[in-house]
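# Structural overview
Each chain, letter by letter, is given below.
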Amino acid sequence: MIHDGDAGVPGSLARVLADVTAERVAQDVRWGMQLLPDGTGHDGTAADCDRARSETEAAAGAGALTWRHVLAEEVLEAFAESDPERLRAELIQVAAVAVKWAQAVDRRSPLDGQAPPRERFRAIVDVHVLLLRGCEVLLGRRAGTGYGDGLWHLPSGHLEAGESATEAAVREAGEEVGVAIDPADLRFVHVMHRAPERVGLFFAADTWTGEPYNAEPHKCSEIAWWPLDGLPHDMVGYPAAAIANVLGSVPFALHEWSTHR
């Protein structure tokens, strides 16, 4: 029996939602927060909706119903709405049907003679914040974490489920150094793919509320401002490389990937 919480099981709800979350993050990285008009409720959309509903009912009556029928009906019902609340409800239904269809695809056994489909790669996404004071950046010395202890690092952490990249950056800055950042004051400055499964998103800010302090002394032994052109030698390697890339206006980099592939 497959439970919705079994994220690694083909067809589980958690697994599909994790893929949806990863895709949303990728879209935000590429396109940013898009503020577009709805474009719904125009002449003809109601008629298209009625036709799709009739086709779905006819296919169901004939025992020939497909996921295409169901999703098309939901999408066209959304296209026909102009009221924001009803449109939102329809879009939620569109998303739910699309997720359910993806679950159904995951549960299928490969056809005889065919190799099973390759599992889609899922990255671990982390966010990093460059708090900038003139030509200085704020770093913290890690302690008691089991990773990079004794080395300097940027305020950073993993993206959590259902959280946007900018929300994560704001949260991590607050948790680690006690400052409040308006998401609008974050600038996306770099992305780094670290072998084999890590994707780091780097944001910079020179405006925030509150004086930075060591808000997590159980994970950090000290914080300090360092010149951007004079970073400490005892620093975790990849954020140091990322800062160099930011200074060089390099938007994307690979880290620790073999050149012999």
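Keep in mind that what you see is a predicted model, and the values were worked out from it rather than measured.

### Brief notes about helix H3 (residues 67-79)
Taking 1.5 Å per residue as the helical rise, H3 with its 13 residues ought to reach 18 Å, and the 18 Å between its terminal C-alpha atoms agrees with that figure. All of the buried residues along H3 are His69, Leu71, Glu73, Glu74, Glu77 and Ala78. Its buried side turned inward, H3 meets helix H2 (45-61) and helix H4 (84-107).

### What to know about the nonpolar core
Ranked by size, the top nonpolar core spans 20 residues in total, and within it Val127, Leu131, Val179, Ile181, Leu186, Leu201 and Phe203 carry the most contacts. Sorting the residues of this core by element identifies strand E1 (124-133), helix H5 (165-177) and strand E6 (198-205) as the ones contributing at least two each. No other element matches H5, which puts five residues into this core. With 15 residues, the next largest nonpolar core counts Trp152, Tyr238, Ala242 and Ile243 among its residues.

### Here's the deal with the packing of H3 against H4
At a closest axis distance of 8 Å, the pairing of H3 and H4 adopts a crossing angle of 160°. Between H3 and H4, the angle falls in the class roughly antiparallel. Classified by chirality, the crossing of H4 by H3 is left-handed. Facing Trp67, Arg68, Val70, Leu71, Glu74, Val75, Glu77 and Ala78 of H3, the residues of H4 in contact are Leu87, Glu90, Leu91, Gln93, Val94, Val97, Ala98, Lys100, Trp101 and Ala104. Tallied by class, residues from the contact of H3 with H4 come to twelve nonpolar, one polar and five charged.

### Structural notes on the packing of aromatic side chains
Under the definition given, this model contains four aromatic pairs. Here Trp152 and Trp226 contribute two aromatic rings whose centre-to-centre distance is 5.4 Å and whose plane-to-plane angle is 70°, an arrangement assigned as edge-to-face. Here Trp152, found in strand E3 (residues 152-153), pairs with Trp226, found in strand E7 (residues 220-227); they are 74 residues apart in sequence, far enough to count as distant. Since its relative accessible area comes to 23%, Trp226 is described here as partly exposed. If you follow Arg194 out to its NZ or CZ, it ends over the ring of Tyr238, 3.7 Å from the centre.

### Some points on the side chain of Glu74
Assignment of secondary structure puts Glu74 in helix H3. No salt bridge is formed by the buried Glu74; the nearest opposite charge belongs to Arg53, separated by 8.2 Å.

### With respect to the packing of H2 against H3
The contact between H2 and H3 brings their axes to 8 Å, and the two run at 160°. Between H2 and H3, the crossing angle belongs to the class labelled roughly antiparallel. For the pair H2 and H3, the crossing hand works out as left-handed. Here Thr45, Asp48, Cys49, Ala52, Arg53, Glu55, Thr56 and Ala59 of H2 come into contact with H3, specifically with His69, Val70, Ala72, Glu73, Leu76, Glu77 and Phe79. Residues that form the contact of H2 with H3 fall into these classes: seven nonpolar, three polar and five charged.

Analysis parameters
- Residues numbered from 1 in each chain as written.
- Predicted model: local features only at pLDDT ≥ 70, side-chain atom pairs only at ≥ 80, totals over all residues.
- Heavy atoms only, no water.
- Helix = DSSP H or I, 4+ residues; strand = E, 2+ residues; numbered from the N terminus.
- Expected span 1.5 Å × (residues − 1).
- Buried < 20%, exposed > 50% of the residue type's maximum accessible area, 1.4 Å probe, protein only.
- Contact = heavy atoms within 4.5 Å.
- Core = buried A, V, L, I, M, F, W, Y, C linked by side-chain atoms within 4.5 Å.
- Axes fitted to C-alpha atoms, helices over the stretch in contact; angles between N-to-C directions.
- Parallel < 35°, antiparallel > 145°, perpendicular 65-115°, else oblique.
- Left-handed = near helix turned anticlockwise from the far one by under 90°.
- Nonpolar A, V, L, I, M, F, W, Y, C, P; charged D, E, K, R; others polar.
- Phe/Tyr/Trp six-rings, centres within 6.5 Å; stacked < 30°, edge-to-face > 60°.
- Lys NZ or Arg CZ within 6 Å of the ring centre and 35° of its normal.
- Lys, Arg positive; Asp, Glu negative; His and termini not counted.
- Salt bridge = Lys/Arg side-chain N within 4 Å of Asp/Glu carboxyl O.

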